[in-house]
Amino acid sequence: MALTVTSLNSACLRGRCCRHQVLHPLLGSLLSDSVSKSYSSYRRPGTQPEKKPSWQNTDFSLKKGFDVLKTQLSMLKKETKDYLTGPGGHPLNQYLLEQTRVLWVFRSQEDLNKWVISSDVEIGGKSEVYLTLGRNNQAALLYGTLNTEVPRDGETKYSGYCSMRAKPPVGSFARKKYYDWSNFNCLYLRVRGDGRPWMVNIYTDPYFSHQKDDLYNYFMFTRGGPYWEEIKIPFSKFFLSSRGRVQDDQHPIWLDKASFLQALSICTLGFTIGDKVDGPFQLEIDFIGLLNDRAHTEEFAYETYEKNPRA
């Protein structure tokens, strides 16, 4: 027991009180509610403080703990089997010859649960966004109403956006996982929109804290009308931005997972609408995939600057 307490205390000191990060992978959902309350000092205005310690609300069920451990071990077993089979769980010859790959397809509620939606309601705005299955359960239907009215809080200057983002992949015992798209050079989508422009966002996991708002963006223009369209966006067209501002120092996306300490590896993808036009919007998505277009040889579409050039 003393050894356990010592190890937890040392982890706390090394990781800026990251004891919850040590316990969470082991106990899973048993401590999820307690951790979120214990290690967050934020409380919404108008809410009453907790009258009893949060640990009293935790369910220390031994059976539930074993169920969580069993689930995590089964995930670890599958990951080990896929790793021994080859990259991404595919044989090496199949992986090297792969020309296309479907990342997300929308045919059931389980497929929709892999995504989260958000809007300017988080900052006090009035936009609305919803995600549901389309006709005959053959596509995802993202719809809502955009409202650019600025909240009257004296601080917010801009409003009017809605977004949809895939949940980052998570491995066994709450380990972060990343995508390896190094065999492909294009993003390939089949969508049907209402003629409004969208922003396609690629999120990376930064190594430094000041890079947490960095995104790779490119525009997706929908035609509108009753017909589906297939959109191909080369990765070389994505540009780097931070908090909505295009950065001067541009560089291409790192598509593999072999970057320094997994820094800047791709962790998820999303869509945002914010064209400053009030009114309803609608976007149907059949699938999102990857394509290796051998005819596309461009490495990066934007000018790059040499750092510390020699005189």
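Remember, predicted model here, so these are calculated numbers, not experimental data. (Residues numbered from 1 in each chain as written. Predicted model: local features only at pLDDT ≥ 70, side-chain atom pairs only at ≥ 80, totals over all residues. Heavy atoms only, no water.)

Q: Please give an account of the overall build of the protein that cites residues and values.
A: When you go through the protein residue by residue, the secondary structure sums to 6 helices and 13 strands. Classification of the 311 residues of the protein by burial places 36% in the buried group. For the protein, restricting intrachain contacts to residue pairs at least 6 apart in sequence, the fraction spanning at least 24 positions comes to 72%. Working note: accessible area of the protein is about 20,200 Å², and carbon and sulfur atoms make up 54% of it. (Helix = DSSP H or I, 4+ residues; strand = E, 2+ residues; numbered from the N terminus. Buried < 20%, exposed > 50% of the residue type's maximum accessible area, 1.4 Å probe, protein only. Contact = heavy atoms within 4.5 Å. Areas by Shrake-Rupley, 256 points an atom, 1.4 Å probe, with all protein chains shown as cover.)

Q: Summarise the environment of Asp-205; cite the residues concerned and give the values.
A: Tracing the backbone shows Asp-205 in strand 7 (residues 197-205). On the basis of relative accessibility, which here comes to 17%, the residue Asp-205 falls in the buried class. Between the alpha carbons of Asp-205 and Thr-268 there is a distance of 9.0 Å; along the sequence they are 63 residues apart. At 2.5 Å, the side chain of Asp-205 and the side chain of Tyr-178 are in polar contact. (Polar contact = N/O pair within 3.5 Å; in protein donor to acceptor, adjacent residues only side chain to side chain.)

Q: Account for a nonpolar patch on the surface, naming residues and giving values.
A: On the surface, Leu-62, Phe-66, Leu-69, Leu-73 and Leu-76 cluster together into a nonpolar patch covering about 480 Å² of accessible area. One can find Phe-66 in helix 4 (residues 62-85). (Patch = residues over 30% accessible without salt bridge, like charges linked within 9 Å, V, L, I, M, F, W, Y side chains within 5 Å. Salt bridge = Lys/Arg side-chain N within 4 Å of Asp/Glu carboxyl O.)

Q: Kindly report on unusual backbone geometry, identifying the contributing residues and their values.
A: With a phi angle near 60°, Asn-136 is a residue other than glycine that sits in the positive phi range. Within the secondary structure, Asn-136 sits in the loop between strand 3 (128-133) and strand 4 (140-146). By relative accessible area, which is 62% here, Asn-136 ends up exposed. Of note, the phi angle at Arg-243 is positive, near 55°, even though the residue is not glycine. Tracing the chain through its elements places Arg-243 in the loop between strand 10 (239-242) and strand 11 (245-246). Its relative accessible area of 63% is what places Arg-243 among the exposed residues.

Q: Give a detailed account of the packing of aromatic side chains, specifying residues and quantitative values.
A: Under the criterion given, the structure shown has 15 aromatic pairs. Taking the centre distance of 5.8 Å and the plane angle of 70° together, the rings of Trp-104 and Tyr-179 count as edge-to-face. Linking Trp-104 in strand 1 (residues 100-105) with Tyr-179 in the loop between strand 5 (162-166) and strand 6 (186-193), this pair joins segments that are 75 residues apart in sequence. Tyr-179 gets classed as buried once you look at its relative accessible area, which sits at 17%. By the ring-pair criterion, three or more aromatic residues cluster together here, those being Trp-104, Phe-106, Trp-115, Tyr-179, Trp-181, Tyr-218, Phe-235, Phe-238 and Phe-271. Directly above the ring of Tyr-203 sits Arg-165, whose terminal nitrogen or CZ lies 4.9 Å from the centroid. (Phe/Tyr/Trp six-rings, centres within 6.5 Å; stacked < 30°, edge-to-face > 60°. Lys NZ or Arg CZ within 6 Å of the ring centre and 35° of its normal.)

Q: Before we move on, can you summarise the pattern of salt bridges with the specific residues and values?
A: Summed over the entire model, instances satisfying the criterion amount to 15 salt bridges. With a shortest N-O distance of 3.4 Å, Glu-298 and Lys-237 are connected by a salt bridge. With Glu-298 in the segment after strand 13 (279-291) and Lys-237 in the loop between strand 9 (229-234) and strand 10, the pair connects residues that are 61 residues apart, well separated along the chain. For Lys-237, a relative accessible area of 25% puts it in the partly exposed group. In this structure, a network of salt bridges that share partners links the residues Arg-107, Arg-190 and Asp-286.

Q: Can you explain the nonpolar core? Please cite residues and give values.
A: Generally speaking, soluble globular proteins have nonpolar side chains that are buried together. Ranked by size, the top nonpolar core spans 39 residues in total, and within it Leu-187, Phe-271 and Ile-288 carry the most contacts. The greatest single-element share of this core, amounting to 5 residues, is contributed by strand 13. Apart from the residues within four sequence positions on either side, Ile-288 is in contact with Val-102, Leu-103, Trp-104, Phe-106, Trp-115, Leu-187, Tyr-188, Leu-189, Leu-269 and Phe-271. (Core = buried A, V, L, I, M, F, W, Y, C linked by side-chain atoms within 4.5 Å.)

Q: Go over helix 4, please, and point to the residues and values.
A: Between its terminal C-alpha atoms helix 4 stretches 35 Å, which fits the 34 Å expected from 24 residues at 1.5 Å a residue. Following helix 4 by one or two positions, Gly-86 has its phi on the positive side, about 160°. (Expected span 1.5 Å × (residues − 1).)

Q: Could you give an account of the sheet that holds strand 12 (residues 265-273), with specific residues and numbers?
A: With antiparallel pairing, the 7 strands of this open sheet are ordered in space as 2-5-12-7-8-10-11. Of all strands in the sheet, those with a lone pairing partner are strand 2 (115-119) and strand 11, marking the two edges. Relative to strand 8 (residues 214-221), strand 7 runs antiparallel, the two being bridged by 7 bridges. Within strand 8, the residue paired with Tyr-203 across the bridge is Leu-215. (Pairing = 2+ DSSP bridges.)

Q: Hey, could you go over the confidence of the model for the protein for me, with residue numbers and the actual values?
A: Considering every residue of the protein, the mean pLDDT works out to 80; 78% of them sit at 70 or more. Scored below 50 in pLDDT, residues 1-46 makes 39 contacts in the model with residues more than four places away or belonging to other chains. (pLDDT = per-residue confidence, 0-100.)

Q: Pulling in residues and values, what's your account of the side chain of Ser-163?
A: Position of Ser-163 relative to the elements: it lies in strand 5. A relative accessible area of 12% places Ser-163 in the buried class. A distance of 2.6 Å separates polar atoms of two side chains, one belonging to Ser-163 and the other to Ser-118. Among residues more than four places away in sequence, those in contact with Ser-163 are Val-116, Ile-117, Ser-118, Phe-271 and Thr-272.

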